[in-house]
Amino acid sequence: MSYQKPKSVDGILLALIGLMVAGGFLIFSSASLGLMARDGASFGAEALSQLMFGIVGGGAALLLLSNVYYRHWRKYAFYIFVGSLLLTLAVFVPGIGMTHAGATRWLDLGITTIQPSELLKIGFVIYLATWLSGTHGKVSHWRHGLIPFAVITGIVGFVMLLQPDTDTFMIMAFAGMSMFLVAGARWRDIGFIIIAGVLLIATVAMLRPYIMDRMLTFLDPDADPLGSGYQIHQSLIAVGSGGIAGRGFGQSIQKFEYLPEPTSDSIFAVYAEEFGFIGSVTLIFSMVFLTLRGYRTASQAKDIFGTLLVIGFMTIIIAQAFLNIGAMLAIAPLSGLPLPFISHGGTALLSTLASLGIVLNVSKYRTFRKSAW
């Protein structure tokens, strides 16, 4: 395809990203104050990691990748995918792999830790977009579509479930299925994938008791309010305490001793307590607007590769956000997923901003036509 002179990036999308990052750091800073009341927790260390690795590093990645022509990623997609897989497997190497709460998901670099599965999200989307855009309309045939898709997703699933990180794999698989559908897959194949996913979740739940506990707690949060249902009960107390307008910035009570993981899993509950129903609805609509603006870029991409890249990245962000928020409102099982832009996790924020940098670059080459292709 001939080279097209780039336009400016989508200014509205860029502004939304900036607002989410700035607002997210303020929310994170308030939630981090709760760490001061907890033994072994360090407010300064977490804030510095979030600021330097997540915001500064992520901002640099966004700026850099927004200026790299997105079609160049096709040339290196396989190597990026394999490299991100190997980096994710490196968590099992003694001496550099780090285990916390029964999960082996981090690399200890001495001065900080990173979660390589966040980078695998990017590698997976780039490789899947490259493969799907190269099938030349054959994706509806099971031999050229469903089977290769199952193999690629299955490889990622094997690596992720070893850690184990079932939640992250679920959102990656959902994003992959969305890309597969947009690329021209038949609904029959999508139905098969959904059935296979349900069976996989059921199998994992039987093999790993903590997954079963999450499901049972979701179905009946009152069954064990001081045990498996403790987090959701404390979250609902925090959300309910916020009322219409909230207690005010920094005024959450639940974050100090009651909410588990106030800077990560439970950060939406802290936010809802401080900003109330109005603030919660504003945050949710902001996430939706950001996603819809991204999907608008996908619909205006000049080729199917650009469309699939944006669909994959934006679907991961919105799926992760609503699984996190849904868990805090008891309308989804607890997942342990961070809330994009807000939860603690420098690697997660860096990965999110890097992927949005690619989305912004796609927006530079947008064509204002009705067809997404």
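Residues numbered from 1 in each chain as written. Predicted model: local features only at pLDDT ≥ 70, side-chain atom pairs only at ≥ 80, totals over all residues. Heavy atoms only, no water.

### Remarks on the overall build of the protein chain
Piece 1. Of the regular secondary structure elements, the protein chain holds 13 helices and 3 strands.
Piece 2. On C-alpha atoms alone, the protein chain measures out to a radius of gyration of 20 Å, which is about the 21 Å that the 2.2 N^0.38 rule sets for 373 residues.
Piece 3. A burial count over the protein chain gives 50% of its 373 residues as buried.
Piece 4. For the protein chain, restricting intrachain contacts to residue pairs at least 6 apart in sequence, the fraction spanning at least 24 positions comes to 74%.
Piece 5. Accessible area of the protein chain: about 16,600 Å², with a carbon and sulfur share of 70%.
Piece 6. Between the averaged position of the 23 positive side-chain charges in the protein chain and that of its 18 negative side-chain charges there is a distance of 23 Å. (Helix = DSSP H or I, 4+ residues; strand = E, 2+ residues; numbered from the N terminus. Rg over C-alpha atoms; globule rule 2.2 N^0.38 Å. Buried < 20%, exposed > 50% of the residue type's maximum accessible area, 1.4 Å probe, protein only. Contact = heavy atoms within 4.5 Å. Areas by Shrake-Rupley, 256 points an atom, 1.4 Å probe, with all protein chains shown as cover. Lys, Arg positive; Asp, Glu negative; His and termini not counted. Charge placed at Lys NZ, Arg CZ, Asp CG, Glu CD.)

### A few points about the layout of surface pockets
Piece 1. Of the pockets and cavities examined, the second largest pocket occupies roughly 680 Å³.
Piece 2. What lines the second largest pocket is a set of 27 residues, among which F169, A173, I193, A196 and G197 lie closest to the centre.
Piece 3. Among the elements of the structure, α5 (146-162), α6 (166-182), α7 (187-207) and α12 (304-328) are those that each provide at least two residues to the lining of the second largest pocket.
Piece 4. When the residues that make up the lining of the second largest pocket are grouped by side-chain class, the tally is 22 nonpolar, 5 polar and no charged. (1 Å grid on protein atoms, 1.4 Å probe; cavity = no way out; pocket = protein on both sides within 12 Å on 5 of 7 lines; lining within 4 Å. Points joined across faces, edges and corners; volume = space filled by probe spheres on them. Nonpolar A, V, L, I, M, F, W, Y, C, P; charged D, E, K, R; others polar.)

### Details of the sheet that holds strand β3 (residues 113-114)
Think of a sheet as strands paired side by side through backbone hydrogen bonds, with each pair either parallel or antiparallel.
Piece 1. As summarised here, the arrangement of the 3 strands in space is β1-β2-β3, forming an open sheet in which the pairing is antiparallel. Each edge of the sheet is formed by a strand with only one pairing partner; in this case those strands are β1 (97-100) and β3.
Piece 2. Bridge count for strand β2 (residues 103-108) against β3 is 2 bridges, and the pairing is antiparallel. Bridge pairing links L107 to I114 in β3. (Pairing = 2+ DSSP bridges.)

### A few points about empty space enclosed by the protein
Piece 1. Tallied over the full model, the rule gives 2 cavities of 30 Å³ or more.
Piece 2. If you go around the largest cavity, you meet 19 residues; those closest to its centre are E118, K121, Q320, A348 and T352.
Piece 3. Of all the secondary-structure elements, those providing two or more residues to the lining of the largest cavity are α4 (117-133), α12 and α13 (346-364).
Piece 4. Among the elements that take part in the lining of the largest cavity, α13 stands out by supplying 5 residues, more than any other.

### Thoughts on the packing of aromatic side chains
Piece 1. According to the stated counting rule, one finds 12 aromatic pairs in the structure shown.
Piece 2. Between F268 and Y271 the ring centres are 6.3 Å apart and the planes differ by 35°, which places this aromatic pair in the tilted class. Here the residue F268 and the residue Y271 both occupy positions in helix α11 (residues 267-300), the gap between them amounting to 3 residues, near one helical turn.
Piece 3. Judged by its relative accessible area of 2%, F268 is buried. (Phe/Tyr/Trp six-rings, centres within 6.5 Å; stacked < 30°, edge-to-face > 60°.)

### What to know about the side chain of T297
Piece 1. Positionally, T297 belongs in helix α11.
Piece 2. For T297, the residues in contact, after removing those within four places along its chain, are D10, L13, V310, V359, V362 and S363.

### Here's the deal with the side chain of D265
Piece 1. With respect to the helices and strands, D265 occurs in the loop between α10 (254-257) and α11.
Piece 2. Overall, the relative accessible area of 18% leaves D265 in the buried class.
Piece 3. Not counting chain neighbours up to four residues away, the residues in contact with D265 comprise Q231, N324, M328, G336 and L337.

### Some thoughts on the nonpolar core
The nonpolar side chains of soluble globular proteins are, as a tendency, buried together.
Piece 1. Of all hydrophobic cores here, the largest spans 85 residues; its most connected members are I17, F180, L309, L339 and F341.
Piece 2. Per-element tally for this core: the top contributor is α12, with 15 residues.
Piece 3. Discounting residues that sit within four places of it in the chain, I17 has contacts with L62, L290, L353, L356 and L360. (Core = buried A, V, L, I, M, F, W, Y, C linked by side-chain atoms within 4.5 Å.)

### Description of the environment of S84
Piece 1. Tracing the chain through its elements places S84 in helix α3 (residues 73-89).
Piece 2. Between the alpha carbons of S84 and I122 there is a distance of 8.4 Å; along the sequence they are 38 residues apart.
Piece 3. Those residues in contact with S84, other than ones at most four positions away along the chain, are L119, L120 and G123.

### Focus: the pairing of β2
Piece 1. Here β2 lies mainly inside the structure; 5 of its 6 residues are buried.
Piece 2. With 4 bridges joining them, β1 and β2 adopt antiparallel strand pairing. Opposite T99, over in β2, you have T104 as the bridge partner.

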